[in-house]
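# Observations on the three-dimensional arrangement
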Amino acid sequence: MVVVSDDPLARTGIALLLGGSDGLTVVDQVGIDDDWAEPGEGEAPHAAVWDLGIGLRSGLDRLRALGPAAPPVVAIVADEADGREALAAGARGALPRRTDGESLAAALRAAVQGLVVLDDSFAAALLRGVPPAPPDLPESLTPREVEVLQLLSQGLANKSIAGRLGISDHTVKFHVNAILGKLGVQSRGEAIVQAVRLGLVTL
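Described below are features of the structure shown in this document. (Residues numbered from 1 in each chain as written. Predicted model: local features only at pLDDT ≥ 70, side-chain atom pairs only at ≥ 80, totals over all residues. Heavy atoms only, no water.)

### Some thoughts on the pairing of strand β4 (residues 73-77)
Quick reminder of the rule: The cut-offs for exposure are 20% and 50% of the maximum accessible area for each residue type, with area from a 1.4 Å probe on protein chains only; residues under the lower value are buried, those over the upper are exposed, and the others partly exposed. Comment: elements are numbered from the N terminus, with helices defined as DSSP H or I runs of at least four residues and strands as E runs of at least two. When DSSP finds two or more bridges between two strands, those strands count as paired.
Buried residues dominate β4, accounting for five of its five residues. By the alternation rule, side chains of β4 split into Val73, Ala75 and Val77 and Val74 and Ile76, which are all buried. Pairing geometry for strand β3 (residues 48-51) and β4, over four bridges, is parallel. The partner of Trp50 across the bridge, within β4, is Ala75.

Written out as structure tokens, the structure reads:
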């Protein structure tokens, strides 16, 4: 696991929090612009804790640029608004800065298993921020769109979804755009939250 932050004190603090967690080993502490997602001399990390407390914009841009090949990222954020943006940028989890080491370790383990992780308070706030769904919304999604939505909730990118379903990247993009429109949301992160609210997927 790698700790990512432009704040050296935050990097050290997070590493210390996780130092005694079973099954977790901090292999590196890096800045946002450092290369860490690709293997160098050793094995690539299996997950990352990403502190977005400093340089939020640049951090989100860097997170988006990593792409689907990067290890799962659990973001440490200031509030639910930043958490929403982190999920939309590709993070597998969003936790507040008050999170303790045990909760952070559990979130990392869940993210490695393919789950999306949210703090309870963030989840409630995100659900409140999603527009109410029309009563017939679940029926308006086609079976293929539901499949795509379920794979989105696993954090897969378009190319990976295309491979799973045996369709083209262009077709996946078409389905994603249709899903966003039908759910009345603007991002993948919001789509996942709305889907959970409707019972279309479980995290």
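Additional details are given in the paragraphs that follow.
### Quick look at the nonpolar core
Selection criterion: Only buried Ala, Val, Leu, Ile, Met, Phe, Trp, Tyr and Cys residues count toward a nonpolar core, and they belong to the same one when joined by side-chain atoms within 4.5 Å. Here, residues are in contact when the closest pair of their heavy atoms is within 4.5 Å.
If you look at the biggest cluster of nonpolar residues, it comprises 21 residues, and the most contacted ones within it are Val4, Trp36, Trp50, Leu52, Leu63, Val73 and Ala86. The set of elements that each furnish at least two residues to this core consists of β1 (2-4), β3, α2 (56-66), β4 and α3 (80-89). It is α2 that contributes the most residues to this core, four residues altogether. Once residues lying within four places of it in the same chain are set aside, the contact partners of Val73 are Trp36, Ala48, Trp50, Leu63, Ala91, Arg92 and Gly93.

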